[in-house]
Amino acid sequence: MRLDKFLSQQLGISRNDVGRELRAGRVTVDDEVIKSGAYKLKPDQQVAYEGSVLEQLDGSRYFMLNKPQGYVCSTDDPTNPTILYFIDEPVAHKLHSAGRLDVDTTGLVLLTDDGQWSHRITSPKHHCEKTYLVTLEHPISDDTEMKFLAGVQLYGEKTLTKPAKLEIIEPQRVRLSISEGRYHQVKRMFAAVGNHVVELHRERVGQIYLDSALEPGEYRALTKNEINSIQVPTP
């Protein structure tokens, strides 16, 4: 990889800005000052900017985050803090969330820089199931489970929701599994049956479950088995 491309990715700045940093002698490769952006970087070489080593990335990255309330699932937002606040990784701005949670929803968020892998989660045709723990304003109605299994009509939608599985834990606390990702779907499903979601927490995406050891705001890398559980078709 060209040195200027690597620095642009690592530092999040334009190639023009990279050129200025190089000419100022702020970049070293294996302790030697390099001023040419065309320099061909080898995988085993150590690059430093103003004395701080920049890690060369090898392959795609996959993480799970226990998202707290008040953060949005985007890389940049003019109003709200983003989930990248919690991610202490090189070139964190290259990561994106594979499926988003609302600002007030907590729980499992998957982050990656592998677009094909995240598409497998978010594309409607793959029906990747997600499970949510839901706290309700009112006790659940006796017929809600059957209504969700049959599909409900959301306001402004032309088609019924796909069958969803409801597990009643307590009268105002349930677990819901859905295989779609419509806008604010869980909240709108309960609104459609005359209830209101007070708290929403995602526990599972596909076969990946939120690690119970992660406190809100903590994250970890996915295991190989977790990554491979999201099947990506071979080109």
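Residues numbered from 1 in each chain as written. Predicted model: local features only at pLDDT ≥ 70, side-chain atom pairs only at ≥ 80, totals over all residues. Heavy atoms only, no water.

Per an unreviewed UniProt entry, the recorded name for the protein is Pseudouridine synthase, and the organism is Xenorhabdus aichiensis. Regarding the protein, the relevant UniProt record gives this comment under Catalytic activity (unreviewed entry): "uridine(516) in 16S rRNA = pseudouridine(516) in 16S rRNA". Its UniProt record, at the heading Function (unreviewed entry), says of the protein: "Responsible for synthesis of pseudouridine from uracil-516 in 16S ribosomal RNA." (UniProt positions renumbered as here; feature names shortened; annotations may be inferred.)

Visitor: Could you give an account of the overall build of the protein, naming the residues involved and the relevant values?
Guide: Secondary structure summary: the protein contains six helices and 13 strands in total. For 235 residues, the compact-globule estimate of 2.2 N^0.38 gives 18 Å, and the protein exceeds it by more than 25% at 22 Å. Along the first, second and third principal axes, the C-alpha atoms of the protein reach 70 × 40 × 35 Å. Every one of the 235 residues in the protein was classed for burial, and the buried ones make up 44%. Here the contacts in the protein between residues at least 6 apart in sequence split such that 62% fall between residues at least 24 apart. Here the protein contributes 29 positive and 33 negative side-chain charges, whose respective centroids are spaced 8 Å apart. (Helix = DSSP H or I, 4+ residues; strand = E, 2+ residues; numbered from the N terminus. Rg over C-alpha atoms; globule rule 2.2 N^0.38 Å. Buried < 20%, exposed > 50% of the residue type's maximum accessible area, 1.4 Å probe, protein only. Contact = heavy atoms within 4.5 Å. Lys, Arg positive; Asp, Glu negative; His and termini not counted. Charge placed at Lys NZ, Arg CZ, Asp CG, Glu CD.)

Visitor: Before we move on, can you summarise the packing of aromatic side chains with the specific residues and values?
Guide: This structure, assessed with the given rule, holds six aromatic pairs. On the numbers, 4.9 Å between centres and 70° between planes, the contact of Y62 with W117 is edge-to-face. Taken together, the positions of Y62 in strand β5 (residues 62-67) and W117 in helix α3 (residues 115-122) put the pair 55 residues apart, joining distant regions of the chain. Exposure remark for W117: the relative accessible area of 2% places this residue in the buried category. Ring-pair connections join several aromatic residues into one group, and the members of that group are Y71, Y85 and F86. (Phe/Tyr/Trp six-rings, centres within 6.5 Å; stacked < 30°, edge-to-face > 60°.)

Visitor: Summarise the layout of surface pockets; cite the residues concerned and give the values.
Guide: Its boundaries defined by the atoms lining it, the largest pocket holds a volume of some 600 Å³. Lining the largest pocket are 32 residues; nearest its centre among them are R100, Y132, G181, R182 and H184. Looking at the lining of the largest pocket, the elements that each hand over two or more residues are α3, β8 (130-136), α5 (185-192) and β11 (197-205). Top contributing element to the lining of the largest pocket by residue count: α5, with three residues. Residue composition of the lining of the largest pocket, grouped by class: 13 nonpolar, ten polar and nine charged. Approximately 190 Å³ is the volume attributed to the second largest pocket. Forming the boundary of the second largest pocket are M1, F6, Q9, Q10, Q56, L57, R61, V91, K94 and D113. Residues that form the lining of the second largest pocket fall into these classes: four nonpolar, three polar and three charged. (1 Å grid on protein atoms, 1.4 Å probe; cavity = no way out; pocket = protein on both sides within 12 Å on 5 of 7 lines; lining within 4 Å. Points joined across faces, edges and corners; volume = space filled by probe spheres on them. Nonpolar A, V, L, I, M, F, W, Y, C, P; charged D, E, K, R; others polar.)

Visitor: Go over the sheet that holds strand β1 (residues 27-29), please, and point to the residues and values.
Guide: Across the sheet, four strands lie side by side as β2-β1-β3-β4; this open sheet has antiparallel pairing. Looking at the sheet topology across the chains shown, the edges are occupied by β2 (32-33) and β4 (52-54). Relative to strand β3 (residues 47-49), β1 runs antiparallel, the two being bridged by three bridges. Within the sheet, the bridge partner assigned to V27 lies in β3 and is Y49. (Pairing = 2+ DSSP bridges.)

Visitor: Could you give an account of α3, with specific residues and numbers?
Guide: Listing the buried residues of α3 in full gives W117, S118 and I121. All buried residues of α3 lie within an arc of 90° about the axis, which places them on one face of the element. Taking the backbone nitrogen of Q116 as reference, a side-chain oxygen 3.2 Å away marks D114 as the first, capping residue of α3. (Arc of directions from axis to C-beta. Polar contact = N/O pair within 3.5 Å; in protein donor to acceptor, adjacent residues only side chain to side chain.)

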